[in-house]
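# Coordinate analysis (summary)
Here is what each chain is made of, one letter per residue.
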Amino acid sequence: MAMKIVIRIPNWIGDVVLSLPALDSLKNNFPQAQIWLATVQRVMDLFSGDSRVNGLISLPDLTDLRTLKDSTQRLKSYEFDIGLLLTNSFSSALLFYLAQIPQRWGYQSDSRSLLLTKGVPLKDQADASHQVNYYLDLLSGLGLQTGPLEINLPLSSEQKEAARKKLLSFGLDLKKPLVILNPGAYYGPAKRWPASKFAELAALFQKRKAAEILMTGSAEDVSLCESVASRLERRPATLAGQTTLQELLGIISLSSLFVTNDTGPMHMANALRIPVVALFGPTDPRLTGPIQQPSAVIKKDVPCWPCTYRECPYDHRCMMRIEPEEVFLVSQIFLG
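Below: a short report on this structure. (Residues numbered from 1 in each chain as written. Predicted model: local features only at pLDDT ≥ 70, side-chain atom pairs only at ≥ 80, totals over all residues. Heavy atoms only, no water.)

## Concerning the sheet that holds strand β7 (residues 178-182)
In a beta sheet, neighbouring strands pair by backbone hydrogen bonds and run either parallel or antiparallel. Spelled out, the test is: Here, a strand pair is defined by DSSP locating no fewer than two bridges between the strands. Numbering of helices and strands runs from the N terminus; a helix is a DSSP stretch of H or I covering at least four residues, while a strand is a stretch of E covering at least two.
Pairing in this open sheet of six strands is parallel, and the strands run β9-β8-β7-β10-β11-β12 from one edge to the other. Because the sheet does not close on itself, it has two edges, and the strands there are β9 (237-238) and β12 (295-299). Taken together, the two bridges between strand β8 (residues 212-215) and β9 define a ladder with parallel strand orientation. The residue bridging L214 from the neighbouring strand is A237, located in β9.

In structure tokens, the structure reads:
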């Protein structure tokens, strides 16, 4: 019987995408093993039809003893041989411990060392290292071989065709450059470039490149996208809150350029090798920026950077100093 490995992957889209090199490396170390993923429901769609994965387990937030007990019994029923924790919480390690997974591997963080059979000390964070290395360093610390810093998300021809039909249903001319604007950011408004500036940028693409503009985001971004669209003479198509993650992957794959704040979809576009122009404000692109080409990061040096504010208590200078004309000129690298 093949060895069964379950990986507790992160809860957020961007972190999940950045953990993919670690998933590939684990697969290469145990080519005959079954690889299962356990995570919250909202990110599981990223792995629909992914041949790297043998199964998916949806986990609720472990907010009380009842959900912990139910999740323990469910996880225990799969009889996994190894559990790899890419999350750092005490509760995720406790879940694997209570589910009696024989081998439990992870970082020695959050006072959970006694719950692990093999723990890796956290590295000194003095030197900035990208989040993708954080996951790969865990595997290295476990004595496993790691692969290159490459992120790949599978996409079928059927997904692309479905995306093409959806875009055509919005009346978009796919013979023109398709520029996707992603103005939201789940963390909070501090990470968001203002809607007025996104609108100015969209107008530049429309006037100077005859580009089609499409706006994406979650259901929470509908009003934000409307704020951008209402400022334009030629309204862009908007898909905020109207796509699954798999549908969004297909749509992004057909674009000429993806302009975004520091968000999960930024990493989705980067994984698909779609040109990305990423606008960074309070966060550090050395830690969470796009890791592969084609991509460009625009960030302004301000004395209060970096910060962890969800809402800027000052004048939001880190984002306000990024001008639409500058973003357009950087985009010319990719649009020609």
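## Here's the deal with the pattern of salt bridges
Inclusion rule: By salt bridge we mean one thing: a side-chain nitrogen of Lys or Arg within 4 Å of a carboxyl oxygen of Asp or Glu. Exposure categories follow from relative accessible area, calculated using a 1.4 Å probe and restricted to protein chains: below 20% of the type maximum is buried, above 50% is exposed, and the middle band is partly exposed.
Taken as a whole and assessed by the stated rule, the structure comprises 14 salt bridges. Put simply, D50 and R52 hold a salt bridge, and the shortest N to O gap is 2.8 Å. Judged by its relative accessible area of 14%, R52 falls in the buried class. The partner of K123 in a salt bridge is D137, with the nearest N and O atoms 3.5 Å apart. With K123 in the loop between β6 (118-120) and α6 (131-141) and D137 in helix α6, this pair connects stretches of sequence that are 14 residues apart. For D137, a relative accessible area of 22% translates into the label partly exposed. Sharing partners across several salt bridges, the network here consists of D24, D50 and R52.

## With respect to the pairing of strand β5 (residues 103-107)
Put simply, the test is: Looking down the strands as they point away from the viewer, one classifies a crossover as right-handed if the path from the first strand across the helix to the second runs clockwise.
Along β5, four of the five residues are buried, which leaves the element largely enclosed by surrounding structure. In this structure, strand β4 (residues 82-85) lies alongside β5, joined through three bridges in parallel fashion. Looking at the pairing, L84 lines up with W105 of β5. The parallel pair β4 and β5, bridged by helix α5 (residues 90-98), forms a crossover whose chirality is right-handed. Bridge analysis of β5 against β6 gives three bridges, and the strand direction is parallel.

## Things to note about the state of the cysteines
As a reminder of what qualifies: When two cysteine sulfur atoms are found within 2.5 Å, that pair is recorded as a disulfide.
Using the criterion set out here, one finds zero disulfides in the structure. Among the cysteines around C312, which has no disulfide bond, C304 carries the closest sulfur, lying 6.2 Å off.

## What to know about the side chain of S109
In plain terms, the rule: Here a polar contact means two N or O atoms within 3.5 Å. Within protein one must be a hydrogen donor candidate and the other an acceptor candidate, and residues neighboring in sequence count only if both atoms are side-chain atoms. Contacts are assigned to residue pairs that have any heavy atoms within 4.5 Å of one another.
Within the secondary structure layout, S109 lies in the loop between β5 and β6. You can call S109 buried: its relative accessible area is 9%. At 3.3 Å, the side chain of S109 forms a polar contact with the backbone oxygen of N88. If we skip the residues at most four places from it in the chain, S109 touches N88 and L122.

## Things to note about the packing of helix α4 (residues 65-76) against α5
Selection criterion: Note on geometry: axes are C-alpha line fits, over the in-contact stretch for helices, and angles between N-to-C directions span 0 to 180 degrees. Angles below 35 degrees are treated as roughly parallel, those above 145 as roughly antiparallel, those between 65 and 115 as roughly perpendicular, and all remaining angles as oblique. If you view the pair so one helix is near and one far, a crossing is left-handed when the near helix is turned anticlockwise from the far one by less than a right angle, and right-handed when it is turned clockwise. Side-chain classes follow a simple rule in which Ala, Val, Leu, Ile, Met, Phe, Trp, Tyr, Cys and Pro form the nonpolar group, Asp, Glu, Lys and Arg form the charged group, and the remainder, Gly included, forms the polar group.
Orientation of α4 relative to α5, taken along the N-to-C sense of each, is 50 degrees, at an axis distance of 8 Å. In terms of their interaxial angle, α4 and α5 are classed as oblique. Crossing handedness for the pair α4 and α5: right-handed. Only L94, L95, F96 and L98 of α5 make contact with α4, whose side of the interface consists of L68, S71, T72 and L75. Its residues assigned to classes, the contact of α4 with α5 comprises six nonpolar, two polar and no charged.

## Focus on the packing of aromatic side chains
The test is simple: Stacked, tilted and edge-to-face are the three classes applied to pairs of Phe, Tyr and Trp rings, where Trp contributes its six-membered ring and a pair requires centres within 6.5 Å; stacked means planes under 30 degrees apart, edge-to-face means over 60, and tilted covers the rest.
Tallied over the entire structure, the rule returns nine aromatic pairs. Here F30 and W105 contribute two aromatic rings whose centre-to-centre distance is 6.4 Å and whose plane-to-plane angle is 40 degrees, an arrangement assigned as tilted. Of the two residues, F30 sits in the loop between α2 (20-29) and β2 (34-39) while W105 sits in strand β5, which places them 75 residues apart along the sequence. We note that F30, like W105, is buried. Ring centres of W193 and F198 lie 5.0 Å apart, and the angle between their planes is 75 degrees; this geometry places the pair in the edge-to-face category. One aromatic cluster in this structure is built from W36, Y78 and F80.

## Topic: helix α8 (residues 195-209)
What counts, and what does not: To estimate how far a helix should extend, the number of its residues minus one is multiplied by 1.5 Å.
Along its 15 residues, α8 runs 20 Å from first to last C-alpha, staying within 8% of the 21 Å computed at 1.5 Å per residue. Of the residues making up α8, those classed as buried are A195, K197, F198, A199, L201, A202, A203, L204, F205 and Q206. Looking one or two residues beyond α8, the residue adopting positive phi is A210, at roughly 50 degrees.

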